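Coordinate inspection notes
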Protein chains: 2
Amino acid sequence: MNAVLSLSDTNDFVAWRQARQDAVERALERWVPANAPAGLGDAMQYAVLDGGKRLRPLLVLATSEAVGGHAAAAMRAACAVELIHAYSLVHDDMPCMDNDVLRRGKPTVHVRFGQAQALLAGDALQALAFELLVPGDGSMSDAMSARLCRLLALAAGADGMAGGQAVDLASVGVALDQPSLEAMHRRKTGALLQASVTMGAATGSASPQTLALLAEYGACVGLAFQVVDDILDVTADSATLGKTAGKDAAADKPTFVSLMGLAQAQAYADRVLAQAHDTLRRSGLDHADTLHALADWVGRRAS
Amino acid sequence: MNAVLSLSDTNDFVAWRQARQDAVERALERWVPANAPAGLGDAMQYAVLDGGKRLRPLLVLATSEAVGGHAAAAMRAACAVELIHAYSLVHDDMPCMDNDVLRRGKPTVHVRFGQAQALLAGDALQALAFELLVPGDGSMSDAMSARLCRLLALAAGADGMAGGQAVDLASVGVALDQPSLEAMHRRKTGALLQASVTMGAATGSASPQTLALLAEYGACVGLAFQVVDDILDVTADSATLGKTAGKDAAADKPTFVSLMGLAQAQAYADRVLAQAHDTLRRSGLDHADTLHALADWVGRRAS
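Here the structure is a predicted model, which is why all the values come from computation and not from measurement.

Observations concerning helix α6 (residues 115-132) of chain B
In a regular helix each residue adds 1.5 Å, so 18 residues correspond to 26 Å; α6(B) covers 26 Å between its end C-alpha atoms and thus fits that length. Taken across its 18 residues, α6(B) has 16 buried, putting it largely inside the fold.

Put into structure tokens, the structure is as follows:
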């Protein structure tokens, strides 16, 4: 895959990405409360700050920029999506779930702060995500707040991320076929990645046709993300990933690699990525370069 | 306290309460998805249906009725608040928190479905609460959706319920003074009880002065609820409570009874209750009978 020139290596994209990652980091520092009582703020900040690629916030911001959206609303939406992602990692790492001790190269939240505090920090982060979408200061229209809250709630809940995690738990040792595996990931990781795109779009105005194509682009990015995740789980080491490598195989979880083999999984990721690019081209958006580069960044990443 | 005639014993209130409890139950049955994947829907329904006094929904509905609010929006708000309450119980009962096996007379969710499913069911219930507040079908105004989401997020998060639980965890074996104990409960249980009132008010229109007095009434009901909770923890048995009695004392948690003794705690509950009634009277609302009765129902309950 390294032979293919990736849009994500261009200087423009690298500069855009770093600037937006910095801005997201500063916004999260401002909005995740350090002073929440009894150490809760410390656990929340630890769970959120200084880590991760901020893929979901970048998708929100790039989509918002592509549709000429409201910049301040997009930053709130970007951080809200990241808080949902961060809380899901905190809970997912707990002993009763994946029981993982390493995340983004650091001890997981429950290792550092104890399980009770990790549980509460995750719960509080989910509430904070929705709080961010309704500033209460007139800086966003009520219509935009309502639309963003609905998209986020649907992506996070039983029909989205939480439901996907339940299927994931129930799939240990089960030989899923490709449609079932994709249905699981469409919920578990795909829903929030797709919501990152649709929420970014909701901060501006776009035709129903463009919205539908952006949603399809988001679904492709979500699927490519997961296929590559499964590939990296067997090809990368823990230091590169910043989390425990090989854990899906160790846990006997179905993956795209276990289903179709490494070479076929790579070819599938490439096809899905090509579909993401094609969908974007059909959207007719004038400023979609960053979204093209983000798709490559997801599909050709090494960690 | 039984010598005082309680407004909550009147036939009108009992009929109102039963009708609203039935309506809330039917709405929750409709909105909590039985078909969420991999058993998640079963765990969510088990956590929510067929149990509890539905105090928070009743506060939402009674306040909405007192201010002439939007009935359909009030039912959504009532159920949203109950879902937040239900998820907090599921997580609070888990082994890493209070490690309780009995709730509403039934095995707790993690005992019945396992810890991982309990964790996910709680997470999904929180997302569903926000989803209910933004129906997406035009049945509520965006302004009302946004206002309700903000009130609920603030009550549930680090400044509200989750923060209070963190303080509660940190208070085991600590001799809190009365202001600290009240500050903890204002977050842990008070914030959501007060939000039940303010969200009910937000489904209608009320003057800023009336809103402030309703919020004060909600704070009094929240405090009375907790003082009586502490009293019942030492005076009632597990069968009556439907949960483990005596567990605060066993866990060496500070309570109003440990702080001031049983008789003084009862006198304090009576004073707070009188303040709730007085505040309501000052609100000048014409249709506050049910809110008066609800305050008595909280302050004079036996379980």
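Some thoughts on the interface of chain A and chain B
Of the residues lining the interface, 44 residues belong to chain A; the matching set on chain B comes to 44 residues. When the two sides are added together, the surface that chain A and chain B hide from each other amounts to roughly 3500 Å², 75% of it contributed by carbon and sulfur. At the boundary of chain A and chain B, one finds zero salt bridges. Summed over the shared surface of chain A and chain B, the result is 10 residue pairs in polar contact (both at pLDDT 80 or more). Only α2 (40-48), α4 (71-92), α6 (115-132), α7 (142-156) and α8 (161-170) of chain A provide two or more residues apiece to the side of chain A that touches chain B. The residue makeup of the side of chain A that touches chain B, split by class, is 30 nonpolar, nine polar and five charged.

Digging into the packing of helix α9 (residues 178-202) of chain B against helix α10 (residues 208-235) of chain B
Residues and elements named next belong to chain B. For the pair α9 and α10, interaxial distance at closest approach is 8 Å and the crossing angle is 135°. Classed by the angle they form, the pair α9 and α10 counts as oblique. Crossing hand, α9 versus α10: right-handed. Contacts from Glu 182, His 185, Thr 189, Gly 190, Leu 193, Gln 194, Val 197, Thr 198 and Ala 201 in α9 reach Leu 211, Leu 214, Ala 215, Glu 216, Tyr 217, Gly 218, Ala 219, Gly 222, Leu 223, Phe 225, Gln 226 and Asp 230 in α10. Across the contact of α9 with α10, the residue classes break down as 10 nonpolar, eight polar and three charged.

Regarding the relation of the copies chain A and chain B
Of the two same-sequence chains, chain A is brought onto chain B (RMSD 0.0 Å, axial shift 0.0 Å) by a rotation of 180°. The two molecules are tied by a two-fold rotation axis, judged by turn and shift. By residue overlap, the copies meet face to face through one surface: 100% of the interface positions of chain A are interface positions in chain B.

Describing the nonpolar core
One finds Leu294(A) and Leu294(B) to be the most contacted residues of the largest nonpolar core, which totals 220 residues. Those residues in contact with Leu294(B) that lie beyond four places of it in its chain are Phe13(B), Trp16(B), Leu55(B), Leu58(B), Leu59(B), Ala62(B) and Tyr217(B).

Considerations on the packing of aromatic side chains
Residue and element names in this part refer to chain B. With the rule as written, the count across this model stands at nine aromatic pairs over all chains. Ring centres 6.0 Å apart and planes at 20° place the aromatic pair Phe 13 and Trp 16 in the stacked group. Taken together, the positions of Phe 13 and Trp 16, both in helix α1 (residues 11-31) and three residues apart, correspond to about one turn of that helix. Accessibility assignment for this pair places Phe 13 and Trp 16 in one class, buried. Between Phe 13 and Trp 297 the ring centres are 6.3 Å apart and the planes differ by 65°, which places this aromatic pair in the edge-to-face class. With Phe 13 in helix α1 and Trp 297 in helix α15 (residues 289-299), this residue pair connects regions lying 284 residues apart in the sequence. On the basis of relative accessibility, which here comes to 4%, the residue Phe 13 falls in the buried class.

Concerning the environment of Ala195(A)
All names here are of chain A. Of note, Ala 195 is situated in helix α9 (residues 178-202). The exposure class of Ala 195 is buried, given its relative accessible area of 5%. Counting along the chain gives 103 residues from Ala 195 to Val 298, while the straight-line C-alpha distance between them is 16 Å. In contact with Ala 195, not counting residues within four places along its chain, are Leu 151, Ala 155 and Gly 200.

Examining the side chain of Lys188(A)
Take Lys188(A): it is sitting in helix α9. There is a polar contact of 3.0 Å between the side chain of Lys188(A) and the side chain of Asp168(A).

Concerning the pattern of salt bridges
Residue and element names in this part refer to chain A. Evaluated as defined, the whole model comprises 27 salt bridges over all chains. One salt bridge connects Arg 54 with Glu 82, and the closest N-O pair in it is separated by 2.7 Å. Here Arg 54, found in the loop between α2 and α3 (55-66), pairs with Glu 82, found in helix α4; they are 28 residues apart in sequence, far enough to count as distant. Among the residues examined, Arg 54 registers a relative accessible area of 2% and is labelled buried.

Reading the values: rules and limits
- Residues numbered from 1 in each chain as written.
- Chains lettered and ligands numbered in written order.
- Predicted model: local features only at pLDDT ≥ 70, side-chain atom pairs only at ≥ 80, totals over all residues.
- Heavy atoms only, no water.
- Helix = DSSP H or I, 4+ residues; strand = E, 2+ residues; numbered from the N terminus.
- Expected span 1.5 Å × (residues − 1).
- Buried < 20%, exposed > 50% of the residue type's maximum accessible area, 1.4 Å probe, protein only.
- Contact = heavy atoms within 4.5 Å.
- Buried area = accessible area lost by both parts, 1.4 Å probe.
- Salt bridge = Lys/Arg side-chain N within 4 Å of Asp/Glu carboxyl O.
- Polar contact = N/O pair within 3.5 Å; in protein donor to acceptor, adjacent residues only side chain to side chain.
- Nonpolar A, V, L, I, M, F, W, Y, C, P; charged D, E, K, R; others polar.
- Axes fitted to C-alpha atoms, helices over the stretch in contact; angles between N-to-C directions.
- Parallel < 35°, antiparallel > 145°, perpendicular 65-115°, else oblique.
- Left-handed = near helix turned anticlockwise from the far one by under 90°.
- Least-squares fit on C-alpha atoms with pLDDT ≥ 70 in both.
- Core = buried A, V, L, I, M, F, W, Y, C linked by side-chain atoms within 4.5 Å.
- Phe/Tyr/Trp six-rings, centres within 6.5 Å; stacked < 30°, edge-to-face > 60°.

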